[in-house]
Amino acid sequence: MKLRSLFTYLGLFLVSLVLIVSCTNPASQMSTTANSASTAGGTTVRLGFSAWPGWFPWQVAQDEKILEKNNVAVDLKWFDGYLESINTLTAGQIDANSQTLNDTISAVASGGDQVVVLVNDNSTGNDKIIVRDGINSIADLKGKKVAAEEGTVDHFLLLLGLRKAGLDPKDIQFQPLETGKAAAAFVAGQVDAVGVFAPFTTQALKRPGSKELFSSKEFPGAIPDHLVFTRKFVNENPDRVQAMVDSWFATLDYMKANPDRATEIMAKRAGVSVAEYKEYAAGTKIFTVEDNLKAFKPGNDMTSLSYAANLMSNFLTEVGLAKSKPDLSKIFDDRFVKAYAAKAKKS
């Protein structure tokens, strides 16, 4: 995917569209982790996830046998590369994936039939533009080499930051590198700035004199990450989808009751120390069931998924990341969150 220059009229509402960023990571090979819930009843769910703090709880769900307790068999597939996880879902080689709203919209626009059933989190600072010493403002990026994975949301973050400062994408020397390689290139002094997400932010900030220039914290409210299923799987296995949603909220309860153990598991999966992982906490807002119920409701601001999806769809179409505006009328399915909330209320 290649980003193209924004059309003129987009400038009128790009201030609100700073919300259109999200957390992604690089494409590479995937690895599979066996789930102890393999003996649970029903169809096995093939779930993909990758390096983002809002998705690491799936590792907790597996390691602490929460999926098994909810009687759902899961083939939990770890992807070193986020984009590979998206492509694998689109190809039907997995049933569900952990992915961003804008990437789901892009997939649907390209012919995919995918359904958002749960909001995992919103980014509140874990997507960053990190710069070398001597760069103190977005204007200072003019003429500089800036790396990010092309077409991902950290590229969006970079683009929107430039636009807000009155710069054009052509004003920088953009270096399209997958996120891990982009962070490495920055640390090696090969580029002046980089757009990365946690945990790659930790790697990038190891360059002496480096610092955060801006982050998703400056663009609050609509950087949602989701549990996304193929429609075929939802239609054929609604009980499995419900069990996954139930397991997610049970995992959040476990994490609240056992924070040290949960953090240990997630830090190991992230490949960072527990101390480093704790630094990510403020940069990701994990959504409660109440947050989910609110997000799925129609609204007139970016806290509403339908509102956010419409703006994102317009944006993706205009910048050339989607060939046509997709049908968004069936992209959200809140029945599983509602069913969990109803059960929780009775208990």
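Since this is a predicted model, take the numbers as computed values, not measurements.

A. Examining helix 5 (residues 101-109) more closely. In terms of burial, helix 5 is a largely internal element, nine of the nine residues being buried. Every buried residue of helix 5 is accounted for by L101, N102, D103, T104, I105, S106, A107, V108 and A109. A positive backbone phi angle near 110° is found at G111, which sits one or two residues after helix 5.

B. Quick peek at the pairing of strand 6 (residues 127-131). Buried residues dominate strand 6, accounting for five of its five residues. Every second residue of strand 6 is oriented toward a common face, with D127, I129 and V131 on one face and K128 and I130 on the other, all of them buried. For strand 6 and strand 9 (residues 193-197), the ladder comprises five bridges, and the chain directions are antiparallel. Considered in strand 9, the bridge of K128 is made with V196. By the bridge criterion, four bridges tie strand 6 to strand 10 (residues 211-215) in an arrangement that is antiparallel. Bridge assignment links I130 to a residue of strand 10, and that residue is E212.

C. Focus on the confidence of the model for the protein. Overall, the predicted model of the protein reaches an average pLDDT of 86, with 86% of residues at or above 70. Taken as a whole, residues 1-32 scores under 50 in pLDDT and shows 122 contacts with residues more than four places along the chain or in a different chain. Of the regions scoring below 50 in pLDDT, residues 34-39 engages in 16 contacts with residues more than four places distant in sequence or in other chains.

D. Structural view of the nonpolar core. Core analysis: the largest hydrophobic core is formed by 90 residues, its most contacted members being L47, W58, V117, L227, F229 and M244. Of all the elements, helix 10 (residues 238-257) adds the most residues to this core, at nine residues. In contact with F229, other than residues within four places in its own chain, are V45, D95, A96, D113, Q114, V115, V117, V234, V241 and M244. Listed in part, the 15 residues of the second largest apolar core include V131, V146, L157 and L167.

E. Up close: the packing of helix 13 (residues 289-296) against helix 15 (residues 335-346). Viewed as axis vectors pointing N to C, helix 13 and helix 15 meet at an angle of 140°, and their least axial separation amounts to 10 Å. Between helix 13 and helix 15, the angle falls in the class oblique. You can see that helix 13 and helix 15 cross each other, and the crossing is left-handed. Here V289, N292, L293 and F296 of helix 13 come into contact with helix 15, specifically with V337, K338, Y340 and A341. The residue makeup of the contact of helix 13 with helix 15, split by class, is six nonpolar, one polar and one charged.

F. Seen up close, the side chain of S247. Locating S247 in the fold gives a position in helix 10. Residue S247 is classed as buried on the basis of its relative accessible area of 0%. If sequence neighbours within four positions are ignored, S247 has contacts with I66, L67, N70 and V72.

G. Broad picture of the packing of helix 10 against helix 15. It is at 9 Å that the axes of helix 10 and helix 15 come closest, and there the two elements cross at 55°. In terms of orientation, helix 10 and helix 15 fall into the oblique class. Note on packing geometry: the crossing formed by helix 10 with helix 15 is right-handed. Residue-level contacts link P238, V241, Q242, V245, D246, F249 and D253 of helix 10 to R335, F336, V337, A339, Y340 and K343 of helix 15. Of the residues belonging to the contact of helix 10 with helix 15, the class tally is eight nonpolar, one polar and four charged.

H. Structural detail: the environment of K232. With respect to the helices and strands, the residue K232 is situated in helix 9 (residues 231-236). A relative accessible area of 56% places K232 in the exposed class. Through-space distance from the C-alpha of K232 to that of Q114 is 8.5 Å; in sequence the pair is 118 residues apart.

Thresholds, definitions, all that
- Residues numbered from 1 in each chain as written.
- Predicted model: local features only at pLDDT ≥ 70, side-chain atom pairs only at ≥ 80, totals over all residues.
- Heavy atoms only, no water.
- Buried < 20%, exposed > 50% of the residue type's maximum accessible area, 1.4 Å probe, protein only.
- Helix = DSSP H or I, 4+ residues; strand = E, 2+ residues; numbered from the N terminus.
- Pairing = 2+ DSSP bridges.
- pLDDT = per-residue confidence, 0-100.
- Contact = heavy atoms within 4.5 Å.
- Core = buried A, V, L, I, M, F, W, Y, C linked by side-chain atoms within 4.5 Å.
- Axes fitted to C-alpha atoms, helices over the stretch in contact; angles between N-to-C directions.
- Parallel < 35°, antiparallel > 145°, perpendicular 65-115°, else oblique.
- Left-handed = near helix turned anticlockwise from the far one by under 90°.
- Nonpolar A, V, L, I, M, F, W, Y, C, P; charged D, E, K, R; others polar.

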